[in-house]
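# Secondary and tertiary structure notes
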Amino acid sequence: MNKLMVVGIGPGNTANMTEACRNALLSADAVFGYTPYIQLLKPWFPHKNFFETGMKSEIERCRAALGLAAEGKTVALVSSGDAGIYGMASLVYELSPEFPSVTIEVVPGITAAISGAALLGSPVGHDFGVISLSDLLTPWEVIEKRLRALAAGDLVICIYNPASYGRPDYLKRACDIVLEILPSSRICGVVRNIGRNEESYAITTLGSLRNTQADMLTTVFIGNAKTRVINGKMITPRGYNA
Ligand code: SAH
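The structure reproduced in this document is the subject of the present report.

Turning to the pattern of salt bridges, a few remarks are in order. Taken as a whole and judged by the stated rule, the model has seven salt bridges. Between Arg210 and Asp176 there is a salt bridge, and its shortest N-O distance comes to 2.5 Å. Taken together, the residues Arg210 in the loop between helix H8 (206-209) and strand E11 (218-222) and Asp176 in helix H7 (residues 170-178) connect sequence positions 34 residues apart. One network of salt bridges, in which partners are shared, links Glu144, Arg148 and Glu180.

Structure below.
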């Protein structure tokens, strides 16, 4: 009671949902989330009390979940992947001073960088950075600056939100920025619909990635100078002399 659990549900299949996530959802009196995630969860938890909200109503959704918890309920608020990575966990904490009676718990989930990496092979076997191309909450200049820094540092780059309906060409723009520093032969990977129907992955080069159409369920990986293809998989070596 008086508890809000901020829960990462993983990429979208039950196999990649943690037991802690399942227990959190089972123990909740109500589950809040973005409509597509709630649609995904409904068949697995048919007797739950679900509250769905659309995109761009995140503050409202978090306040509603915190408000119900303040009334004495145990509430779950779900994000895909991990709730702390481009999810709702930080916003819940930012709003929490308005709801002093509520205890908050974050339940970790498998983020797209990790579930996607497993499909590609082992692309994040060394230092890597995660960046979102969505400029809804972050100015594009900041995104550009961070992309350049990741490329200059030769980190493996993992790109979330590479495109959406409103910004179909952002992946191309991001590629053009890193191509100022990285060669077009750099090994890259693209994963789509992880844990869902039509799950797929492809290995390509930075030059070809530029012309790849991504959507909202695509995660992109740009390798470092050592990344190579072994047995059809994208591998970033740790440095062993194998
Ligand atoms: N909290 C989520 C990320 C939300 S941002 C997590 O930890 O995974 C949304 C972006 O995550 C998408 O645009 C895509 O880049 C990535 N993503 C989330 N789920 C995905 C899936 N099932 N398949 C491929 N990419 C996914």
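This next bit is on the sheet that holds strand E9 (residues 187-192). Reading across the sheet, the five strands line up as E7-E8-E11-E9-E10 and stay open at both edges, with mixed pairing between neighbours. The open sheet has two edge strands with one neighbour each: strand E7 (128-132) and strand E10 (200-205). In this sheet, adjacent strand axes meet at a mean angle of 20° when their direction is disregarded.

Next up on the list: a nonpolar patch on the surface. Together, Ile85, Tyr86, Ile114, Phe128 and Val130 make up a nonpolar patch on the protein surface, roughly 410 Å² of accessible area in all. On the secondary structure map, Phe128 appears in strand E7. Owing to a relative accessible area of 33%, Phe128 belongs among the partly exposed residues under this scheme.

What follows deals with the side chain of Ser132. Within the secondary structure layout, Ser132 lies in strand E7. For Ser132, the side chain forms a polar contact with the main-chain nitrogen of Ser134, separated by 3.1 Å. Within polar-contact distance, the side chain of Ser132 engages the side chain of Asn161 at 3.0 Å. Ignoring sequence-local partners within four residues, the contact set of Ser132 consists of Tyr86, Ile143, Tyr160 and Asn161.

We now examine the site of the ligand. Taken together, 18 residues form the shell around the ligand, and within it Ser80, Ile85, Thr111, Met216 and Thr218 come nearest. One nitrogen or oxygen atom from the main chain of Ile194 is found 2.9 Å from a nitrogen atom belonging to the ligand. Here an oxygen atom of the ligand sits 2.7 Å away from a polar atom, N or O, in the main chain of Thr218. Protein burial of the ligand: of its 540 Å² of free accessible surface, 94% is covered by the chains. Its atoms largely coinciding with the cavity grid, the ligand occupies the largest pocket. Among the residues making up the shell around the ligand, the classes are represented as nine nonpolar, seven polar and two charged.

Assignment of secondary structure puts Ile235 in strand E13 (residues 233-235). Taking the C-alpha atoms as reference, Ile235 lies 9.8 Å from His126; in sequence the two are 109 residues apart. Every residue in contact with Ile235, bar those within four places of it in the chain, is listed here: Gly121, Ser122, Lys226, Thr227, Arg228 and Ile230.

Rules used in this analysis
- Residues numbered from 1 in each chain as written.
- Predicted model: local features only at pLDDT ≥ 70, side-chain atom pairs only at ≥ 80, totals over all residues.
- Heavy atoms only, no water.
- Salt bridge = Lys/Arg side-chain N within 4 Å of Asp/Glu carboxyl O.
- Helix = DSSP H or I, 4+ residues; strand = E, 2+ residues; numbered from the N terminus.
- Pairing = 2+ DSSP bridges.
- Axes fitted to C-alpha atoms, helices over the stretch in contact; angles between N-to-C directions.
- Patch = residues over 30% accessible without salt bridge, like charges linked within 9 Å, V, L, I, M, F, W, Y side chains within 5 Å.
- Areas by Shrake-Rupley, 256 points an atom, 1.4 Å probe, with all protein chains shown as cover.
- Buried < 20%, exposed > 50% of the residue type's maximum accessible area, 1.4 Å probe, protein only.
- Polar contact = N/O pair within 3.5 Å; in protein donor to acceptor, adjacent residues only side chain to side chain.
- Contact = heavy atoms within 4.5 Å.
- Near = heavy atom within 4 Å.
- 1 Å grid on protein atoms, 1.4 Å probe; cavity = no way out; pocket = protein on both sides within 12 Å on 5 of 7 lines; lining within 4 Å.
- Sits in = over half its atoms within 2 Å of the grid points.
- Nonpolar A, V, L, I, M, F, W, Y, C, P; charged D, E, K, R; others polar.

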